[in-house]
Amino acid sequence: MKYQVYARHNLHKIPSYGRLSREQIHNIKIVSEVLPFKTNNYVVNELIDWDNYQDDPMFILNFPQKAMLKAAQFNTLAEMTGNNGSKTDLAKYVHEIRLNLNPHPAGQLEHNVPMLKGKTLTGIQHKYRETMLFFPTQGQTCHAYCTFCFRWPQFTGLSELKFAMKQAHLVVSYLRENPSISDILFTGGDPMVMKADVLEKYFQAILDADLPQLKTIRIGSKTLSFWPYRYLTDPDAGKVLDLFRKINDRGIHLAFMAHINHPKELSTNAVHEAVHLIRGTGAQIRTQSPLLRHINNDPVIWEQMWRKQVDMGMVPYYMFVARDTGAQSYFGVTLKDAHHIFNTAYQKVSGICRTVKGPSMSAGPGKVRIVGITEIHNEKVFVLEFLQGRNSEWVGKPFFAKYNPAAMWLDELTPALGQPHFFYEPEYLKLLKIDKLPGHTLKTDDKLYA
Ligand SMILES: *Cc1c(COP(=O)(O)O)cnc(C)c1O
Ligand code: SF4
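No experiment lies behind these values; they were computed from the predicted model shown.

Caption draft 1: Quick look at the packing of aromatic side chains. All chains considered together, the criterion is met by 36 aromatic pairs. Summarising the aromatic geometry, the rings of Phe 59 and Phe 63 are spaced 4.6 Å apart at their centres and angled 20° between planes, so their arrangement reads as stacked. For Phe 59, a relative accessible area of 0% gives the class buried. Overall, the relative accessible area of 0% leaves Phe 63 in the buried class. Ring centres of Phe 423 and Tyr 424 lie 5.6 Å apart, and the angle between their planes is 85°; on these two criteria the pair is classed as edge-to-face. For Phe 423, a relative accessible area of 32% puts it in the partly exposed group. Taking the relative accessible area as the measure of exposure, Tyr 424 reaches 0% and is therefore buried. Note that Arg 354 overlies the ring of Tyr 346, its terminal NZ or CZ placed 5.3 Å from the centroid.

Spelled out as structure tokens, the structure:
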């Protein structure tokens, strides 16, 4: 299958273009000034239900919607893009909205970029002891863009925020200096947009280094949903699969972290074949997704998704709470609802599907999961725990926040049961070398969608 990309400039080339209303076309053009817009022939022809596209999760996942911006922003943009608007004014305004949508929330740039021999390594993030993230330069784009995605800097040229690094040898040096790292996670964008030759350079350098500590190479990718032909008909599909096999044959676990938002993404022949081929290399596929209003905020969707994934031989891994960046007023779900949706679905499936963890917030101090809602001495509380922490000793200790049905993120929660602060906060402040948290606890941090 030939990959055909559709964006703003060739929207009219989409086979189903005639079905879009004039208003939709106008909205897409306006909103895509701010949110990057890119889709492709697989998504358009095999995933979107054009009979019902206005409410179709696959349509909303790729096509910018009017309500993703504030009404005032939308109207101003519409005026500016009209006949006489100045291009520089427009660019300025777009930049302003983007910064407000918070592309790199507090903490990520300053606190997770590691040092090697006195130099900062901008293509690496190392937050949790065992796992290092690597952003290969050539993998900072995707086969299509999710409208909820916060990784715009990589796509839209806010270059001062760009995380990217070329040299595989720096990765290897960093791994050598940090023997606690057992997992390297290739992320992006989508690393699987890279050609097999480029992937091979990175993987080969890691294999050649022969690091006894390194147990797992993870690849975070949305290709199963957005371009399964990557493994079927792309010219280098066979070579990609051979590379996967090679890693596994060397005794390093290849963990393919598939980003899947909706059961529809698991419905085509192409995705079934791709999963079959990837699993055939010895790789294991784990799945993760944020919980998103308008896309998957229904327990039945998660129940179906987890069951289907297990049927296909994949392992459900994470449900994330949508972080407070991007069009969060459009996609956001309260913590109370997130817990309800997770638990309702979790109760319906067999133990085989209950490998999934969540709902989890990737916040400054770590990945915090909502364990439950209960009452202790007549006080209604959220029970929380760390799934990952800046200090791994924080993991698995229950702690309590006052029940707040409107809260959507950790920084909106306050300690329950008369506690002055959450147990981890004094140490967290010391780790960050700051003395006061903005808001109750530091704002959202990096989060892995893909
Ligand atoms: C989630 C995450 C990881 C991986 O955590 P696991 O629980 O091992 O999957 C690593 N680094 C960062 C920054 C993360 O957010
Ligand atoms: S969520 Fe992942 S696949 Fe989607 S646009 Fe963002 S980086 Fe790309």
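Caption draft 2: A look at unusual backbone geometry. Residue Gly 189 is reached from Gly 188 by a cis peptide bond, and omega for that bond is 15°. Looking at the secondary structure, you find Gly 189 in the loop between strand S7 (183–186) and helix H9 (196–209). Along the chain, Gly 358 connects to Pro 359 via a cis peptide bond; the corresponding omega equals -10°. Position of Pro 359 relative to the elements: it lies in strand S12 (residues 357–362). One non-glycine residue, His 294, lies in the positive phi region at around 75°. Positive phi, close to 65°, is recorded for Asn 378, a residue that is not glycine. Topologically, Asn 378 is positioned in the loop between strand S13 (366–376) and strand S14 (379–389).

Caption draft 3: Summary view of the confidence of the model for the protein chain. Summary statistics for the protein chain give a mean pLDDT of 91 and a share of 91% for residues scoring 70 or more. Note on residues 159–163: pLDDT is under 50 here. Beyond four places in sequence and across chains, it has 13 contacts. Confidence over residues 439–450 falls short of pLDDT 50; this stretch has 81 contacts with residues more than four positions distant or in other chains.

Caption draft 4: The arrangement of the packing of helix H13 (residues 299–311) against helix H15 (residues 335–348) in detail. Two elements in contact, H13 and H15, have axes whose closest approach is 8 Å; the angle formed by their N-to-C orientations is 45°. On the basis of the axis angle, H13 is oblique to H15. Crossing angle aside, the handedness with which H13 passes H15 is right-handed. For the pair H13 and H15, the contacting residues are Pro 299, Trp 302, Glu 303, Trp 306 and Arg 307 in the first and Ile 341, Phe 342, Thr 344, Ala 345, Tyr 346 and Lys 348 in the second. By residue class, the composition of the contact of H13 with H15 is seven nonpolar, one polar and three charged.

Caption draft 5: Main features of the pattern of salt bridges. Applying the stated rule across the entire model yields 15 salt bridges. We note a salt bridge from Lys 222 to Glu 265, for which the minimum N-O separation is 2.9 Å. Taken together, the residues span a long stretch of sequence, with Lys 222 in the loop between strand S8 (216–221) and helix H10 (223–226) and Glu 265 in the loop between strand S9 (253–259) and helix H12 (269–280) at a distance of 43 residues. In this pair, the class of Lys 222 matches that of Glu 265, namely buried. Connected via shared salt-bridge partners are Asp 197, Glu 200 and Lys 239.

Caption draft 6: How the structure looks around the pairing of S12. For S12, the buried fraction is high: five of the six residues fall into the buried class. As paired strands, strand S11 (residues 315–321) and S12 are joined by two bridges and run parallel to one another. Within S12, the residue paired with Phe 320 across the bridge is Ser 360. As paired elements, S12 and S13 share three bridges and run antiparallel to each other. Each residue of the ladder has a partner; that of Ser 362, found in S13, is Lys 367. Once S12 ends, the chain turns through three residues before running back antiparallel as S13.

Caption draft 7: Broad picture of the sheet that holds S11. Across the sheet, 11 strands lie side by side as S5-S6-S7-S8-S9-S10-S11-S12-S13-S14-S15; this open sheet has mixed pairing. A strand with exactly one partner marks an edge of an open sheet, and here the two such strands are strand S5 (124–128) and strand S15 (399–402). Looking at each pair of strands side by side, their axes are set apart by 30° on average, direction ignored. Packing of H15 onto the sheet brings it into contact with strand S10 (284–291), S11, S12, S13 and S14, and relative to S13 it is tilted by some 90°.

The rules behind the values
- Residues numbered from 1 in each chain as written.
- Chains lettered and ligands numbered in written order.
- Predicted model: local features only at pLDDT ≥ 70, side-chain atom pairs only at ≥ 80, totals over all residues.
- Heavy atoms only, no water.
- Phe/Tyr/Trp six-rings, centres within 6.5 Å; stacked < 30°, edge-to-face > 60°.
- Buried < 20%, exposed > 50% of the residue type's maximum accessible area, 1.4 Å probe, protein only.
- Lys NZ or Arg CZ within 6 Å of the ring centre and 35° of its normal.
- Helix = DSSP H or I, 4+ residues; strand = E, 2+ residues; numbered from the N terminus.
- pLDDT = per-residue confidence, 0-100.
- Contact = heavy atoms within 4.5 Å.
- Axes fitted to C-alpha atoms, helices over the stretch in contact; angles between N-to-C directions.
- Parallel < 35°, antiparallel > 145°, perpendicular 65-115°, else oblique.
- Left-handed = near helix turned anticlockwise from the far one by under 90°.
- Nonpolar A, V, L, I, M, F, W, Y, C, P; charged D, E, K, R; others polar.
- Salt bridge = Lys/Arg side-chain N within 4 Å of Asp/Glu carboxyl O.
- Pairing = 2+ DSSP bridges.

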